[in-house]
Amino acid sequence: MINFIEISKKFKTDFWTQYFWALENVSFEIAEGHIIGFLGANGAGKTTLIKILMGLIKTSSGRVEFSTKLGKNQKEVFSNMGLLPERPYFYPHLTGNEFIYYLGSLNNVSKIDLKQRINYWAERFKITHALERKLKTYSKGMLQRLGFISTIIHNPKMVILDEPLSGLDPIGRKEIKDSIVEINKEGRTVFFSSHIVPDVEEICKRVVFLEKGTLLYDGQIDHLIEKNMKPNYQIKYYANDEIITQEIPIVEKEEFLKKIINNNQKIISVEKLRPSLEEILYNIKTK
Amino acid sequence: MNDINDFCYKCYVVFKYTFFEIIKSKVLMNVFLLGLGLLLICYIAYSFTYGVPERVVLDVGLGMLSLSSVGMAIFFGVGLISKEIENRTIYMILSRPISRKAFLLGRIMGMVGVLILNILILSVLTLVLYVFLGGSIQSLILISIFFSIIEAIIVLLIVVFFSLITNPTLSVIYTVVVYIIGHSISDTMINGFAKKSVIISSILNVYSVIFPNFNKLNLKDLILYKQYLPFTTFCGITTYGLVYMLFLIFITSIIFERKNLD
Ligand SMILES: Nc1ncnc2c1ncn2[C@@H]1O[C@H](COP(=O)(O)OP(=O)(O)OP(=O)(O)O)[C@@H](O)[C@H]1O
Ligand SMILES: [Mg+2]
């Protein structure tokens, strides 16, 4: 849907300092239909890339190409995209309803549709009671939920979320994650940045990993995990009223289990060890 | 044609919610109460002296209306666009199918709406009291109010322009400087010293072409001496104001179009 082609971006913080490359030769594609995780530590360049994508800042070199499925010109493309910026700020004196109407009108969504969609999502996020209140009375989590609603109010084909889970409690994170999965099932592509690996691992099949402005990995999470799978099993069992956890190489697994059974000890679990993305990425970095 | 329609519609949407947002901050309420207080004090103070109370009310009222709207133009204008960038609200808006020009124009129109409303409220307040005290409304007073609107809009456009190229503090300072110079430039040009020096007078000439001459919009003396403003002069001044506004909008939109929004 969206192709990043050799994107580089340099910043100059002030007149005397040297250039600083926030992005260097980043190329990858956001394929249609997936939820794509966009990982990177603080300052890796995620937000910068998203700003470039939305035409808010210019690249130093390289370009972004949009597939014709999104539209023929910028206006059409932008009608089919929804962006939730990082740490968004909301007009304090507008009410929740007014805010959504404002942004929805910019997307030419009719009043009737707006109303219906607001009702649906506000109900889901349990902020219906606050829709007539000024935004300055909203809590951080409520604002984040409202921001999410405004991002998808026009049924975009492509949704870009810059750290949508930051500042949310566990319930809020779950709600938003479920919603992301839901809108993806409806056929919307989701590109979502985060520096929290388990969140990405939970809902994404593909990841793009950025480190200090360069692309480190772009592909399936499963592949990555498969490649980095440790050839070990983790076995938990009871011995003398104590839970013992042991890592055993695959080939010795049967022998070991036999021994436990013979000793009349109770097996709790046998699990193939799955490295977390965190460990894998750490591996890539240190290589 | 469709594009123009869409452009106007997007402008209108931004205008509407910008206007609401500022109105709901209750600033006009405060200005209204302040104005009412000030005029009442005037009235009370002057009813104990031998003066012409209605003239004083008119003078204070028109002055207050012009100053308060210029103050509001600067205060809100400096953040009108720059605060949107700083707070990243602009990302949520410009990532939708709306051009930067439409957004800029909508924001400015929203603020202009607030300024006009402010001026209308204070004018009604002033004129009611003025008539109540026995004054009679002349067209010159209405023209003067109209010129106050033009002045406030120009100041607004100036501060928006500066806010796009420098930081808020400097924007305010520059705008205030332009405003003050714009009010004194005619006096300086008449001044004998300036006339004698070719360099100074040519600098002043260049300046008066580039920068606004707010004195043209000030009819206080005319009102005071009950003079008459010829229709052609009125048209001339209005045209001057409109051309100046268009010029500022043109430059500002070019700058905004190219600006990196980070
Ligand atoms: N306008 C700017 N001027 C100078 N440097 C900038 C500018 N914007 C971003 N940077 C720098 O570019 C780098 C990447 O920033 P960016 O905001 O894209 O990081 P990020 O991956 O979004 O991080 P985070 O997870 O903290 O949001 C940082 O080192 C940042 O300091
Ligand atoms: Mg970021």
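Note that this is a predicted model, so its numbers are computed, not measured.

1. What to know about the site of ligand 1
Item 1. As a structural note, the neighbourhood of ligand 1 is formed by 16 residues, with Gly43, Lys46, Thr47, Thr48 and Glu86 of chain A the closest of them.
Item 2. This site is not confined to one chain, since residues near ligand 1 come from chains A and B.
Item 3. Side-chain polar atom of Glu163 of chain A to an oxygen atom of ligand 1: 3.1 Å apart, as the coordinates give it.
Item 4. For ligand 1, whose accessible area on its own is 640 Å², the fraction buried by protein is 71%.
Item 5. Of all the secondary structure elements, the ones that give two or more residues to the shell around ligand 1 are β2 (20-30) and α1 (46-53) of chain A.
Item 6. The element that contributes the greatest number of residues to the shell around ligand 1 is α1 of chain A, accounting for 3 residues.
Item 7. Looking at the shell around ligand 1 residue by residue, the classes come out as 5 nonpolar, 7 polar and 4 charged.

2. Brief notes about the domain arrangement of chain A
Residues and elements named next belong to chain A.
Item 1. Structurally, chain A comprises domain 1 (2-226) and domain 2 (228-286).
Item 2. One C-alpha centre belongs to domain 1, the other to domain 2; they are set 39 Å apart.
Item 3. Contacts between the two partners involve 14 residues from domain 1, matched on the other side by 11 residues from domain 2.
Item 4. Looking at the side of domain 1 facing domain 2, the largest losses of area belong to Val197, Leu224 and Ile225, adding up to 47% of the total buried there.
Item 5. The interface formed by domain 1 and domain 2 includes 0 salt bridges.
Item 6. Remark: the boundary between domain 1 and domain 2 carries 0 residue pairs in polar contact (both at pLDDT 80 or more).
Item 7. Where the side of domain 1 that touches domain 2 is concerned, the elements lending two or more residues are α7 (197-203), β8 (206-211), β9 (214-220) and α8 (221-228).
Item 8. Among the elements that make up the side of domain 1 that touches domain 2, the one with the highest residue count is α8 (5 residues).

3. Examining the coordination of the magnesium ion (ligand 2)
Residues and elements named next belong to chain A.
Item 1. Here the magnesium ion (ligand 2) is held by the protein donor atoms Thr47 (OG1) and Glu86 (OE), which lie 1.9 to 2.4 Å from it. One end of the pair, Thr47, is in helix α1; the other, Glu86, is in the loop between β5 (81-84) and α3 (96-106), and 39 residues separate them in sequence.
Item 2. Residue classification places Thr47 among the buried residues on the basis of a relative accessible area of 18%.

4. Examining the interface of chain B and chain A
Reports of interface size often rely on the accessible area that becomes lost once the parts have come together.
Item 1. At the interface, 32 residues of chain B touch 39 residues of chain A.
Item 2. The junction of chain B with chain A conceals about 3,200 Å² of combined surface from both sides, 56% of it contributed by carbon and sulfur atoms.
Item 3. The largest per-residue losses of area from chain B upon contact with chain A belong to Tyr17, Met92 and Arg96 of chain B, which jointly make up 23% of the total buried on that side.
Item 4. On inspection of chain B and its partner chain A, the count reaches 3 salt bridges.
Item 5. At the junction of chain B and chain A, the tally comes to 18 residue pairs in polar contact (both at pLDDT 80 or more).
Item 6. With 10 residues, the top contributor of residues to the side of chain B that touches chain A is helix α1 (residues 2-23) of chain B.
Item 7. Broken down by class, the residue content of the side of chain B that touches chain A amounts to 13 nonpolar, 5 polar and 14 charged.

5. A closer look at the sheet that holds strand β1 (residues 2-11) of chain A
Residue and element names in this part refer to chain A.
Item 1. One open sheet holds the 3 strands; their spatial order is β2-β1-β4, and the pairing between them is antiparallel. Looking at strand neighbours, the two that pair on one side only are β2 and β4 (61-66), the edges of this open sheet. If you compare each strand with its neighbour and ignore which way they point, the axes differ by 15 degrees on average.
Item 2. Where β1 and β4 come together, 5 bridges link them in antiparallel fashion. Each bridged residue has a counterpart across the sheet, and for Ile5 the counterpart in β4 is Arg63.
Item 3. Strands β1, β2 and β4 of the sheet are contacted by α1, whose axis makes an angle of about 115 degrees with β1.

6. Observations concerning the packing of aromatic side chains
Item 1. Counting across every chain of the model gives 24 aromatic pairs over all chains.
Item 2. Seen from their ring centres, Phe90 of chain A and Phe99 of chain A are 5.0 Å apart, and the 75 degrees between their planes marks the pair as edge-to-face.
Item 3. Judged by relative accessible area, Phe90 of chain A falls into the buried class, the value being 6%.
Item 4. The class for Phe99 of chain A is buried, based on a relative accessible area of 1%.
Item 5. Ring centres 5.2 Å apart and planes at 90 degrees place the aromatic pair Phe75 of chain B and Phe76 of chain B in the edge-to-face group.
Item 6. Residue class for Phe75 of chain B comes out exposed when judged on its relative accessible area of 64%.
Item 7. Residue Phe76 of chain B is classed as buried on the basis of its relative accessible area of 18%.

Cut-offs and rules
Residues numbered from 1 in each chain as written. Chains lettered and ligands numbered in written order. Predicted model: local features only at pLDDT ≥ 70, side-chain atom pairs only at ≥ 80, totals over all residues. Heavy atoms only, no water. Near = heavy atom within 4 Å. Polar contact = N/O pair within 3.5 Å; in protein donor to acceptor, adjacent residues only side chain to side chain. Areas by Shrake-Rupley, 256 points an atom, 1.4 Å probe, with all protein chains shown as cover. Helix = DSSP H or I, 4+ residues; strand = E, 2+ residues; numbered from the N terminus. Nonpolar A, V, L, I, M, F, W, Y, C, P; charged D, E, K, R; others polar. Domains from an automatic or database assignment. Contact = heavy atoms within 4.5 Å. Buried area = accessible area lost by both parts, 1.4 Å probe. Salt bridge = Lys/Arg side-chain N within 4 Å of Asp/Glu carboxyl O. Donors = N, O, S within 2.8 Å, 3.2 Å for Na, K, Ca; no water. Buried < 20%, exposed > 50% of the residue type's maximum accessible area, 1.4 Å probe, protein only. Pairing = 2+ DSSP bridges. Axes fitted to C-alpha atoms, helices over the stretch in contact; angles between N-to-C directions. Phe/Tyr/Trp six-rings, centres within 6.5 Å; stacked < 30°, edge-to-face > 60°.

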